[in-house]
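Inside the fold
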Amino acid sequence: MIKIKNYINGALVAPISNEYLDVFDPSIGKPYAEVPDSDIRDVEAAIEAAENACANWAATSINDRARIMTKIADLIGANLDRLAKAESLDNGKPVWLAKRVDIPRAESNFRFFAQAITQFSTQTHEMSEAINYTLRQPLGVVATISPWNLPLYLFTWKIAPAIAAGNCVIAKPSEVTPMTAYLLAELCIEAGLPAGVLNIVHGDGVKVGAEFSKHPKVKAISFTGSTRVGKAIATTAAPLFKKLSLEMGGKNPNLIFADCDYEKMMHQIIRTSFGNQGQICLCGSRILVEASIYDQFKKDFVAITSKLKVGPPSHPTSKSGAIVSKVHYEKILSYIELAKEEGGKILAGGTPVFPEGHEDGWYIQPTIIEDLPHDARCNMEEIFGPVVTIMPFETDQQALDYANATEYGLSASIWTENITRAHKMAKELEAGIVWVNTWLLRDLRTPFGGVKNSGVGREGGFEALKFFTEPKNVCIHIG
Ligand code: NAD
């Protein structure tokens, strides 16, 4: 059993309680590591370390901050294989996917924000008798809380802009997938990140994450996870006037029109439906298809989906790996049962899979459901697994009405060769991100986030650097 440690004040340390939680390998459904079951005492130690490091880190030149962050990026790249295997073991995603997406993106997050901070500028506002300029100063101690679906990718997406901007961070990775955050701590030490600039406190959401939300010394919280937990954090932190960035759940629609580039669309719809076992916040789980091509789409989509190989994440031929945890696996299966009760017809999948030698792992066959009303629970609530619904629509307005019917608004994709329709739909869709004829194409400079119950605030590029800094206007009278 590997014993994960907290990273506090530059050192890898055991939790004060010496208590641990099991970490499971979802491919076999058995524990393989232990993660600190930290409590308020570890949180206090991390905050104290961060607070003590703040003045020096804020005074460290931008070039020096960028140099250390680039070194961390280099080390992530140099450890690609090791980190990808660790991510796969922890999360259940195929190793090839972690190697192609998760770890390269974690490296890019550090490299991108190391460069972005050197380009971050502020404004001046000139008056006839004065000049105003804006300082953007670090906030001090900030907290990040991240989920299990893209563990290192999302963990670093928050930490990199926070430290680039001169803050010191207390960070909580998901207790379900803590391994790569632990390995990152080792790389931060190797890269020479000063003690206290980043502190990683592992453990339970309530015992650690909720303490971050309450603590008076924490100036901002950047959270990614479910809408339920985002709400709990906001309830605690808002009256304390902390800055909040909340990236939460989704129920993203894909709108497919008869005039789309059919082959290109089909290739991407398979990815957006079942990539990472459907456990990407940006996955499209409601597929709306123009009625005139619905039957053709259904036939082709079901044929391709039925052939997707579900298997152990370590096998290079597995297109889909294991579901992250038993609780989540049972939740997804319960939604498939609910879909049947709601009148849905299962066109593909709908059942667990038991790969040879991995019978105790948590695997689900990619699942397609049709005939559900657009406002059925399975079309309204986030399932966050390899389960999609398909529905025909007759008019552009009907497609929009269905697409906008949920409480969520993270992303949407539109598939059409009609440029006027694409622009019109993009404008009308209630989502923070709209892709046209593509999916998951990301430029790290763009604003990232959702509307409605999917989020508050934006990450990415200068938006993130603005979040992690406080603007101060200086007005100089020049007579
Ligand atoms: P979750 O909300 O259960 O947990 C997220 C994190 O919050 C974990 O680290 C957890 O320990 C912590 N936490 C739990 N209770 C807490 C509390 N009371 N106070 C503070 N922290 C607490 O989410 P999850 O199951 O890990 O992740 C899946 C969810 O994340 C899905 O809803 C998915 O849509 C969402 N997600 C959103 C985005 C986005 O960018 N919008 C990206 C990825 C995942």
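Just above sits the structure.
Structural notes, computed from the coordinates. All values derive from a computational prediction rather than experimental measurement.

What counts as what
- Residues numbered from 1 in each chain as written.
- Predicted model: local features only at pLDDT ≥ 70, side-chain atom pairs only at ≥ 80, totals over all residues.
- Heavy atoms only, no water.
- Helix = DSSP H or I, 4+ residues; strand = E, 2+ residues; numbered from the N terminus.
- Expected span 1.5 Å × (residues − 1).
- Contact = heavy atoms within 4.5 Å.
- Buried < 20%, exposed > 50% of the residue type's maximum accessible area, 1.4 Å probe, protein only.
- Polar contact = N/O pair within 3.5 Å; in protein donor to acceptor, adjacent residues only side chain to side chain.
- Axes fitted to C-alpha atoms, helices over the stretch in contact; angles between N-to-C directions.
- Parallel < 35°, antiparallel > 145°, perpendicular 65-115°, else oblique.
- Left-handed = near helix turned anticlockwise from the far one by under 90°.
- Nonpolar A, V, L, I, M, F, W, Y, C, P; charged D, E, K, R; others polar.
- Salt bridge = Lys/Arg side-chain N within 4 Å of Asp/Glu carboxyl O.

Next up on the list: helix 11 (residues 326–341). The first and last C-alpha atoms of helix 11 sit 23 Å apart over 16 residues, in line with the 22 Å expected at 1.5 Å per residue. Summarising the contacts, the buried residues of helix 11 are in contact with strand 15 (345–348), strand 16 (352–353), strand 17 (363–364), strand 18 (367–370), helix 12 (377–380) and strand 19 (387–393). Where helix 11 terminates, the next one or two residues include glycine 343, which has phi positive at roughly 95°.

Attention now moves to helix 7 (residues 205–214). Since there are 3.6 residues in each turn of an α-helix, residues three or four apart along the chain are aligned in direction. Taken together, the buried positions of helix 7 are occupied by Val208, Gly209, Glu211, Phe212 and Ser213. In this fold, the buried residues of helix 7 make contact with helix 1 (40–59), strand 8 (141–145), strand 9 (168–172), strand 11 (220–224) and helix 8 (227–237). Between the side-chain oxygen of the N-cap and the backbone nitrogen of valine 206 there are 3.0 Å, and the N-cap of helix 7 in question is aspartate 204.

Let's shift gears to the packing of helix 2 (residues 62–78) against helix 4 (residues 95–119). Packing of helix 2 against helix 4 leaves a shortest axis separation of 8 Å and a crossing angle of 165°. By the criterion of interaxial angle, the relationship of helix 2 to helix 4 is roughly antiparallel. Handedness of the helix 2/helix 4 crossing: left-handed. Contact residues: helix 2 offers Ile62, Asn63, Arg65, Ala66, Met69, Thr70, Ile72, Ala73, Asp74, Ile76 and Gly77, while helix 4 offers Ile103, Ala106, Glu107, Phe110, Arg111, Phe113, Ala114, Ile117 and Thr118. Across the contact of helix 2 with helix 4, the residue classes tally to 12 nonpolar, four polar and four charged.

So, about the pattern of salt bridges. Taken as a whole, this structure holds 23 salt bridges when the rule is applied. Two residues, lysine 217 and glutamate 51, come together in a salt bridge whose shortest N-O distance is 3.4 Å. In this pair, lysine 217 is assigned in the loop between helix 7 and strand 11 and glutamate 51 in helix 1, connecting sequence segments 166 residues apart. Judged by its relative accessible area of 39%, lysine 217 falls in the partly exposed class. For glutamate 51, a relative accessible area of 36% puts it in the partly exposed group. Between arginine 67 and aspartate 64 there is a salt bridge, with its nearest N and O atoms 3.6 Å apart. Residue arginine 67 and its partner aspartate 64 are located together in helix 2, separated by three residues, close to a single helical turn. Classification of aspartate 64 as partly exposed rests on a relative accessible area of 33%. What you see here is one network of salt bridges that share partners, running through Asp74, Glu107 and Arg111.

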